[in-house]
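Summary of the model geometry
Next come the chains, spelled out residue by residue.
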Amino acid sequence: ILPEKSPPHTELLDLQPLPVTALRYPEAEKLFAGQKVFNPIATQVFSTMYSGSDNVVLCAPAASGKIICAEFALLNMLKNDPVKRCVYVAPYEQTADERFKDWSQKFGQELGFKVARLTGEPATDNKILEESNIVITIPDRWDLLSRRWKTRKAVQDVRLFIVDQLHLLDSEVGPTVEAVVSRMRYISYQVQGKIRIVALAASLANAKDVAEWIGAKDTGLFNFSPNVRTVPLEMIIQGFDLHHRGTRLLAMGRPVYQAIKHYSSDKPVIVFVPDRKQARVTAIDLLLQAASDDQPKRFLHADEDDMRPYILGAREKALKQTLEYGVGFIHEGFTAQERQGVSRLFDAGAIQVLVCTESLVWGLQSLAHLVVIMDTQKFDGRENRYVDYPIADVLEMMGRASRPGVDTSGMCVLLAHSAKKEYYKKFIYEPLPVESHLDQKMADHMNAEVVVKTIENKQDAVDWLTWTFYYRRLSQNPNYYGLKGVGPNHISDHLSETVETTVDALEAAGCLSVDDVDLGAANLGVIAAFYYSRYTTVELYNRSIKPTTKRKGILDVLSAVSEYDSVPVRHGEEAALRGLAQSLGVRVGDANVNEPHAKALILLNAHMQRTPISTDLASDLKYTVEQAPRLLQAMVDVIASMGTLKPALVAMELSQMLVQATQADSSPLLQLPHFGEQLISAAKKAGVEDIFDLINMDDSARDKLFSGLSQQQVQDIAKACNRYPAITVDFKVAKQGSDMAKLQVKLEREGMEEGDKVGPVYAPYFPNEKEESWWLVVGNSDGQLVGIKRTTIAKQVVNVKMDVELGEQPGKQDFRLFLMSDSYQGCDQEYQFAIDV
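What this report covers is the structure whose coordinates are included nearby. Predicted model, so just to flag it, every value in this text is computed and none were measured.

**With respect to the overall build of the protein chain**
The helix and strand inventory of the protein chain stands at 31 helices and 24 strands. Seen along its three principal axes, the alpha-carbon backbone of the protein chain occupies a region of about 90 × 70 × 60 Å. Within the protein chain, the proportion of its 837 residues that are buried is 55%. Within the protein chain, counting contacts between residues at least 6 apart in sequence, those at least 24 apart form 71% of the total. Within the structure as shown, the protein chain displays about 36,700 Å² of accessible surface, and the carbon and sulfur contribution to it stands at 50%.

In structure tokens:
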């Protein structure tokens, strides 16, 4: 049972190029100021995109102007639709960043529409969506926001849904992309409002299935062949008969230089390498070869004086050296600013060669005349072996070799292991078939649908699956999905079996309650869906945390969650990680430290102790730390449902420590800027233990304490002190039943006027902006947690009502009320009270 032959490609018609004035929208014509006419692909899809309102699938090679085609649909909506709301979903954060920069300029500043991006906090995001015309996001954030579409009018009012790089259904982000696109189709059908879906992808073999899935008619399907390029691309594939990867990379050094010399001696070149180490090595190697040709500065096309500020601004020593001679390199260890700086030099033509790691291709905007792909294997830390680049990544790299309007043709040289030569020959010239990987994350997505009551029984679950791409592909490629045949019975049996296994897994994890065929969400399932954590994570919390678990145990559980499966692990990092663990006092024993969860534990500790780490580890640290508060909030909810007080308070304190990069015994003053060990001990001598003491000091004493600091530094400290929360708590028992009491709590923020905004948390060590939130917790004298409420204090006064469970014994019972922050250390409060039962 072979999958059926795919229909032929869309033919590129020989049309008269459309002038920009065809938009008949003078303000928008300025957006395309650099060009008089649109390219052939844009010309052919123009009327469908700009004049129609049907769903469209546009498949074309990388860098062939697909975004401009999507902009036609966007302009059509902004011009004619009363609601004017578009959501653009990019597969990766880097792609979303670039799109946000580009569209903020075009549609925001030039046309005056509101362009925004989602933050990952559902309440904030809902407000952003309500107030914006164009929202840019990644699949996870849109998934979290659109789950509760029934109660969120803003989600139902989306008029245009653009999903970019849809061929990545085959990658790690695939299951989430599939879930959100299927959901948008479902919403469109349910609310009878027309949500127009525009999907952009590389050339696909099974574009017809994709079109059927998103509801595009034949007239809305454009699947151009991989050879249809706006700038023709010449391709050379060179094989190396060396099995050992290190030797092969060494052997490729000379051919890379020769390719540059031969095909692009004075035009820009991008070289893609597998990892950071190779980026440095290749950049230096190119300089040496140029020097041996007696042209050491052949790649530098700018005055040395103009280059000096950029060279001084580079942190890495190797980069300073290579920039002097006109070769730049970028990798994930650089900050966004550093990468931008090097890319700017390359785009301006000051340096001729840019060496870039494979994983950065998705955020790269630079184009070149020649692209060299140096080897096609990278190290996968999770499987501890070398794996081939995904074909989608190779196609994206090739797409960088075209400069429309500058070059008449582009050039790409692919250096690979000889055994892979035929494979790349085939797939570069033939389109990719994409398959669904929804089955890998089926349980998480099904759990979310059960929580929002889209699925209430097993039949609903089967119906939900029929909206997916997975369902479309079952009959087309049955072998891939393990079907025995393609009859209606085979497919319905397979779907029922899939639902059964998924439901069993969720029930075993405690996320679902099953009553014959009816499905209901259990507490753990609701927590997993609300905090967007994997169902295996809440199961781990539920099984691992005991009433006696201490801080170290909580940190161990946190680092073991499924979300950290994808912490990047690199070859040869073991020694550095082991050394780091020793200096931090993290016991790793003989365990393998070069695996994702051990690495996550070491990085979380390094963050809390503010240990300086290499640029290589800095990006992994960011990835690990930015997820921690959300994972801890889910953990607090799981612990609360067990009813144990101690571990819940410890998890809350851990959240503060990770946001502020401090330890349990750190002075609260460490959260302020410019406060080091010396200043803290001087403050202690002056009787200042925490931030409130510092605020209440006499001016003269404070000036004496700050005598060694500059005016600017004192201002920084004052700003941080003013942002530090001072909350007064007032509470009373409002109502009392036989087993429950109602507690009314009034929280007042000092120093805040009506209409003031609180703003994000002051946390210079935390990688992202964070909104503060608070927990109110009630514990009884037996160490049980009997009431909890999470709240924000965004106004001057907030009133919170919370339930408190009362014990069985009549008489006077003692309770403690805690106010705990999730972002600041040293401002938690504790009160005692009693209730007569």
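**Some thoughts on the sheet that holds strand β11 (residues 353-357)**
The sheet built from six strands is open, its strands ordered β8-β15-β12-β9-β11-β10 with parallel pairing. Two strands lie at the open edges of the sheet, namely β8 (233-240) and β10 (327-330), each paired on one side alone. Sheet twist, expressed as the average angle between the axes of neighbouring strands with direction ignored, equals 15 degrees. Where strand β9 (residues 269-273) and β11 come together, five bridges link them in parallel fashion. Directly across from V273, in β11, lies its bridge partner T357.

**Some points on the sheet that holds strand β1 (residues 56-59)**
Taken together, seven strands build an open sheet; the order of strands is β3-β4-β2-β5-β6-β1-β7 and the sheet is parallel. Sheet topology places β3 (115-117) and β7 (221-223) at the edges, where each strand pairs with a single neighbour. Neighbouring strand axes in the sheet, compared pairwise and without regard to direction, differ in orientation by 15 degrees on average. Here strand β2 (residues 86-89) runs beside strand β4 (residues 134-137); their pairing, made up of four bridges, is parallel. Looking across to β4, one finds that Y88 is bridged to I136. Across the face of the sheet, helix α9 (residues 207-214) comes into contact with β1, β6 (196-201) and β7 while running at roughly 155 degrees to β1.

**Describing the environment of P767**
For P767, the location among the structural elements is in the loop between β19 (740-749) and β20 (774-780). Since its relative accessible area comes to 29%, P767 is described here as partly exposed. Between the C-alpha atom of P767 and that of V526, which follows or precedes it by 241 residues, the distance is 28 Å.

**Let's talk about the packing of aromatic side chains**
If you walk through the whole model with that rule in mind, you get 28 aromatic pairs. Between F32 and F38 the ring centres are 5.3 Å apart and the planes differ by 85 degrees, which places this aromatic pair in the edge-to-face class. The pair F32 / F38 is uniform in exposure class, with both members buried. Aromatic side chains Y186 and W467 sit 5.2 Å apart centroid to centroid with 80 degrees between the ring planes, which places their arrangement in the edge-to-face category.

**Some remarks on the packing of helix α26 (residues 615-642) against helix α27 (residues 645-660)**
As a packed pair, α26 and α27 sit with axes 9 Å apart at the nearest point and diverge in direction by 170 degrees. Considering the angle they form, α26 stands roughly antiparallel to α27. Where α26 crosses over α27, the two elements pack in a sense that is left-handed. Mapping the contact onto sequence places V625, A628, P629, L632, M635, V636 and I639 in α26 and P647, A648, A651, M652, L654, S655, L658 and V659 in α27. The residue makeup of the contact of α26 with α27, split by class, is 14 nonpolar, one polar and no charged.

**Regarding the nonpolar core**
Counting residues in each nonpolar core, the largest one holds 122 residues, and the members touching the most others are Y541, L558, M635 and L694. Sequence-distant contacts of Y541, that is, excluding residues within four places in its chain, are made with V557, L558, V561, L631, A634, M635, V638 and M642. Core analysis: the next-biggest nonpolar cluster, separate from the first, contains 106 residues, V163, M184, C356 and Y389 among them.

**Focus: the environment of N223**
On the secondary structure map, N223 appears in strand β7. In this structure the C-alpha to C-alpha distance between N223 and A207, which are 16 residues apart in sequence, comes to 6.6 Å. When residues no more than four places from it in sequence are discounted, the contact partners of N223 are H9, T10, C59, S203, L204 and A207. Polar side-chain contacts of N223 include one of 2.7 Å to the backbone oxygen of L204.

**Observations concerning unusual backbone geometry**
Of note, A63 is a non-glycine position whose phi angle comes to about 60 degrees, a positive value. The backbone phi angle of Q165 is positive, close to 50 degrees, even though this residue is not glycine. With respect to the element layout, Q165 can be found in the loop between β5 (160-163) and α8 (174-191).

**Structural notes on the side chain of Q660**
Of note, Q660 is situated in helix α27. Judged by relative accessible area, which is 2%, Q660 ranks as buried. A distance of 3.1 Å separates a polar side-chain atom of Q660 from the backbone oxygen of Y762. With residues near it in sequence (within four places) discarded, Q660 still touches R610, Q671, V761, Y762, A763, Y765, S823 and Y824.

**A few points about the state of the cysteines**
The full count for this structure, using the stated rule, is zero disulfides. In this model C86 remains outside any disulfide bridge; the closest cysteine sulfur is found in C69, 15 Å from its own. Just so you know, C412 is unpaired, no disulfide at all, and the nearest cysteine sulfur is the one on C356, 14 Å from it.

**Topic: a negative patch on the surface**
Residues E456, D515, D516 and D518 make up a contiguous surface patch of negative charge. Examined against the element boundaries, E456 turns out to sit in the loop between α17 (442-451) and α18 (458-465).

**Some points on the pairing of strand β18 (residues 727-736)**
Looking at chain direction, β18 and β19 are connected through nine bridges and run antiparallel. Each residue of the ladder has a partner; that of K735, found in β19, is K742. What sits between the antiparallel neighbours β18 and β19 is a turn of three residues.

**Concerning helix α13 (residues 317-324)**
A318, L319, T322 and L323 are the residues of α13 that are buried. An end-on view of α13 places all buried positions within 125 degrees of arc, on one side of the element. Residues of α13 that are buried in the fold lie against α11 (276-292), α12 (304-313), β10 and α14 (336-347). Following α13 by one or two positions, G326 has its phi on the positive side, about 85 degrees.

**What to know about α9**
Counted residue by residue, α9 has six buried out of eight residues, so it is predominantly covered. Within α9 the residues assigned to the buried category are A207, D209, V210, A211, W213 and I214. If you follow the buried residues of α9, they end up packed against β1, α8, β6, β7 and α19 (469-476). Looking at the residues trailing α9, positive phi occurs at G215, about 80 degrees.

**Let's talk about the environment of K261**
Here K261 is to be found in helix α10 (residues 245-263). Sequence separation between K261 and A290 is 29 residues, and the spatial gap between their C-alpha atoms is 9.5 Å. When residues no more than four places from it in sequence are discounted, the contact partners of K261 are D293 and R298. Of the polar contacts made by the side chain of K261, one reaches the side chain of D293; its length is 3.0 Å.

**What about the packing of helix α15 (residues 391-399) against helix α16 (residues 421-429)?**
Where α15 contacts α16, the axes come no closer than 11 Å and their chain directions differ by 70 degrees. Judged by the inter-axis angle, α15 sits roughly perpendicular to α16. In this structure, α15 crosses over α16, and the sense of that crossing is right-handed. Residues I391, V394, L395 and M398 of α15 pack against Y423, Y424, F427 and I428 of α16. Class assignment for the residues of the contact of α15 with α16 results in eight nonpolar, no polar and no charged.

**Considerations on the pattern of salt bridges**
A full pass over the atoms with the stated rule returns 47 salt bridges. Linking R551 and E653 is a salt bridge whose minimum nitrogen-to-oxygen distance equals 3.3 Å. In this pair, R551 sits in helix α23 (residues 551-559) while E653 sits in helix α27, placing the two residues 102 residues apart along the sequence. Residue class for E653 comes out partly exposed when judged on its relative accessible area of 27%. In this structure, the salt-bridge partner of E772 is R749, at a minimum N-O distance of 3.0 Å. Note that E772 is positioned in the loop between β19 and β20 and R749 in strand β19, a separation of 23 residues in sequence. Linked through salt bridges whose partners overlap, the residues forming this network are E93, D97, R117 and R141.

Thresholds applied
Residues numbered from 1 in each chain as written. Predicted model: local features only at pLDDT ≥ 70, side-chain atom pairs only at ≥ 80, totals over all residues. Heavy atoms only, no water. Helix = DSSP H or I, 4+ residues; strand = E, 2+ residues; numbered from the N terminus. Buried < 20%, exposed > 50% of the residue type's maximum accessible area, 1.4 Å probe, protein only. Contact = heavy atoms within 4.5 Å. Areas by Shrake-Rupley, 256 points an atom, 1.4 Å probe, with all protein chains shown as cover. Pairing = 2+ DSSP bridges. Axes fitted to C-alpha atoms, helices over the stretch in contact; angles between N-to-C directions. Phe/Tyr/Trp six-rings, centres within 6.5 Å; stacked < 30°, edge-to-face > 60°. Parallel < 35°, antiparallel > 145°, perpendicular 65-115°, else oblique. Left-handed = near helix turned anticlockwise from the far one by under 90°. Nonpolar A, V, L, I, M, F, W, Y, C, P; charged D, E, K, R; others polar. Core = buried A, V, L, I, M, F, W, Y, C linked by side-chain atoms within 4.5 Å. Polar contact = N/O pair within 3.5 Å; in protein donor to acceptor, adjacent residues only side chain to side chain. Disulfide = S-S within 2.5 Å. Patch = residues over 30% accessible without salt bridge, like charges linked within 9 Å, V, L, I, M, F, W, Y side chains within 5 Å. Salt bridge = Lys/Arg side-chain N within 4 Å of Asp/Glu carboxyl O. Lys, Arg positive; Asp, Glu negative; His and termini not counted. Charge placed at Lys NZ, Arg CZ, Asp CG, Glu CD. Arc of directions from axis to C-beta.

Keep in mind that these numbers describe shape and distance, not what the molecule does.
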